[in-house]
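Read off the chains here:
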Amino acid sequence: MLIHLGNENDFKKIIAEGRVLIDFYADWCGPCQMLAPILEQLSNADKDLTIVKVNVDDFPSIAKEYHISSIPSLIYYKDGQIIKKQIGFLPLRNLQEFIA
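Here is a short report on the structure shown in this document. (Residues numbered from 1 in each chain as written. Predicted model: local features only at pLDDT ≥ 70, side-chain atom pairs only at ≥ 80, totals over all residues. Heavy atoms only, no water.)

**As for the overall build of the protein chain**
To keep things clear, this is the line we draw: Strands are runs of DSSP state E lasting at least two residues, helices are runs of H or I lasting at least four, and both sets are numbered from the N terminus onward. Restricting the calculation to C-alpha atoms gives the radius of gyration, and the globule rule supplies 2.2 Å times the number of residues raised to the power 0.38. The buried label applies to any residue whose accessible area, calculated with a 1.4 Å probe on protein chains only, is under 20% of its type's maximum; exposed applies above 50%, and partly exposed to all values in between.
Within the protein chain, the regular secondary structure consists of four helices and five strands. Counting from the amino terminus, helix and strand elements in the protein chain follow one another as β-α-β-α-β-α-β-β-α. In terms of overall size, the protein chain behaves like a compact globule, its C-alpha atoms giving a radius of gyration of 12 Å where 100 residues would be expected to give roughly 13 Å. In terms of overall dimensions, the protein chain has C-alpha extents of about 30 × 30 × 20 Å along its principal axes. Scored against the burial criterion, the 100 residues of the protein chain give a buried share of 43%.

Okay, here's the thing in structure tokens:
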């Protein structure tokens, strides 16, 4: 499932359970735009993964809390715990390895 964060209060609830990949992005970011269709492919292929897109311009306090200084930045959670972090674009195969 791929969702766009709509409410800051929902963020903690979303990451609390299951496998969640957070994509910190901005509409003006070229590499973020390149990553978007790959995240869509990953979402279609991995039904047990929740992908949450967090626009850093809309949610600067979340970006600050997670020390996001470059985008795209990905954080992979499992049951509320950070497993891995990645800065920059990843092709689909590398993204699948990142969350494996």
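From this point on, the discussion continues.
**Quick notes on the state of the cysteines**
Formally: A pair of cysteine sulfur atoms is labelled a disulfide when the two atoms are within 2.5 Å.
One pass over the full model with this rule turns up one disulfide. Shown here is the disulfide that connects C29 with C32, its sulfur atoms set 2.4 Å apart. An S-S torsion of about 75° defines the bridge between C29 and C32 as right-handed. Of the two residues, C29 and C32, both sit in the buried class.

**Digging into the sheet that holds strand β5 (residues 81-87)**
The line we're drawing: We call two strands paired when DSSP finds no fewer than two bridges between them. Here an axis means a line fitted to C-alpha atoms, over the contact stretch when the element is a helix, while the angle between two N-to-C directions is reported on a 0 to 180 degree scale. The contact criterion used is simple: two residues touch if any of their non-hydrogen atoms lie within 4.5 Å.
Pairing is mixed across the open sheet formed by five strands, whose spatial order is β1-β3-β2-β4-β5. At either end of the open sheet lies a strand with only one pairing partner, and these are β1 (2-4) and β5. For this sheet, the mean inter-axis angle between neighbouring strands, taken without regard to orientation, is 20°. In terms of strand pairing, β1 meets strand β3 (residues 49-55) through three bridges, oriented parallel. Following the sheet pairing, I3 is matched in β3 by V52. Each of β1, β2 (19-25), β3 and β4 (73-78) is contacted by helix α2 (residues 30-45), which is oriented at about 160° to β3, the strand it contacts most.

**A few points about the environment of D58**
Topologically, D58 is positioned in the loop between β3 and α3 (60-65). The exposure class of D58 is exposed, given its relative accessible area of 54%. Linking D58 and I22, residues 36 residues apart in sequence, is a C-alpha distance of 15 Å.

**Things to note about helix α4 (residues 92-99)**
Basically, it comes down to this: What the arc covers is the set of directions going from the helix axis to the C-beta atoms.
Buried within α4 we find L95, F98 and I99. In a view along the axis of α4, the buried residues occupy a sector of 85°, so they form one face of it.

This is a description of form; function is not addressed.
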